[in-house]
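# Observations on chain architecture
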Amino acid sequence: MNEQIIEQTVTYVRNELGEDATGHDWYHVDRVRRAALHICDQEQAGDPFIIEMAALLHDIPDEKLNDSAEAGRNKLDLFFQSIKLPNDVQNAIVQIIESISYKGGRKTELTSVEAKIVQDADRLDAIGAIGIARTFAYGGKKGQPIYDPAVNVREEMSLEEYRKGKSTSIHHFYEKLLKLKDLLNTDTAKKMAEKRHQMMEQFLEQFYLEWDGQGR
């Protein structure tokens, strides 16, 4: 039964996000799913089915990818109506999806180990080589410049400012990505993040050299 539901969910998510050009495509979702299941296995914690379902569906209601937050929630609700899940399982999945977003750095208390694992997996995909690529894909789609030295890094932001305020793709590293390593929940994810974090630091160092015309 669970395998069939997973297959239905995979098909649904691939259809919904397969053509996304912001870095939230099917391949992102699949990486998050695989990382989450790896963390679950290494930590020997959490319900694998709930973790896999939440990882697969975590971007479906995302406000960035829908006309509004309400439209995103309605889309997720409609999908749940098409599959048969016990109420407690569905509620657990929804609770994870609603609690793991970065939201400008405002801390949300995670109430389950499953939420911590899925959040870690999603955040790991936002850093390292993949994270760098996704940052510029999203910035380009959003119409942000690559970099502008005159723009200040935003330290404290409301959700509205985080979503719509003036920034650049390079500034996004300081406003979110470089902070993620220290915000991870599990030991497994923290180990996985080390090399990815270093890669971002090396990238930024080289970027500034080339920006100033010094890169060789």
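Below: a short report on this structure. This one's a predicted model, so the numbers in the text were calculated from it and none came from an experiment.

With a phi close to 50 degrees, Q44 is a non-glycine residue in the positive phi region. Within the element layout of this structure, Q44 appears in the loop between helix 2 (26-43) and helix 3 (48-57). Accessibility expressed as a relative area gives 65% for Q44, which makes it exposed.

Side chains that are three or four residues apart share a direction in an α-helix, a result of its 3.6 residues per turn. A rise of 1.5 Å per residue sets the reference length of helix 1 (residues 2-17), with its 16 residues, at 22 Å; its end C-alpha atoms lie 22 Å apart and thus fit the reference within 8%. Looking only at helix 1, the buried set comprises I5, I6, T9, V10, Y12, V13 and L17. For helix 1, the secondary structure elements touched by its buried residues are helix 2, helix 3 and helix 4 (69-81).

Our next topic: the packing of helix 5 (residues 87-99) against helix 6 (residues 113-124). Taken N-terminus to C-terminus, the directions of helix 5 and helix 6 make an angle of 45 degrees; their axes are 9 Å apart at the nearest point. Comparing the axis directions of helix 5 and helix 6 gives the class oblique. For helix 5 against helix 6, the interelement crossing comes out right-handed. Contact with helix 5, carried on its side by Q95, I96 and S99, involves E114, A115, V118 and Q119 of helix 6 and no other residues of that element.

Residues V13, M53, L57, F80, L85, I93 and F173 are the most contacted members of the largest nonpolar core, which totals 54 residues. For this core, the elements supplying multiple residues, two or more each, are helix 1, helix 2, helix 3, helix 4, helix 5, helix 6, helix 9 (169-175) and helix 10 (187-211). Considering every element that reaches this core, the biggest residue donor is helix 3, with eight residues. With residues up to four places along the chain from it excluded, the contact list for V13 reads G18, W26, V29, L56, L57 and I60.

Reading guide: rules and limits
- Residues numbered from 1 in each chain as written.
- Predicted model: local features only at pLDDT ≥ 70, side-chain atom pairs only at ≥ 80, totals over all residues.
- Heavy atoms only, no water.
- Helix = DSSP H or I, 4+ residues; strand = E, 2+ residues; numbered from the N terminus.
- Buried < 20%, exposed > 50% of the residue type's maximum accessible area, 1.4 Å probe, protein only.
- Expected span 1.5 Å × (residues − 1).
- Contact = heavy atoms within 4.5 Å.
- Axes fitted to C-alpha atoms, helices over the stretch in contact; angles between N-to-C directions.
- Parallel < 35°, antiparallel > 145°, perpendicular 65-115°, else oblique.
- Left-handed = near helix turned anticlockwise from the far one by under 90°.
- Core = buried A, V, L, I, M, F, W, Y, C linked by side-chain atoms within 4.5 Å.

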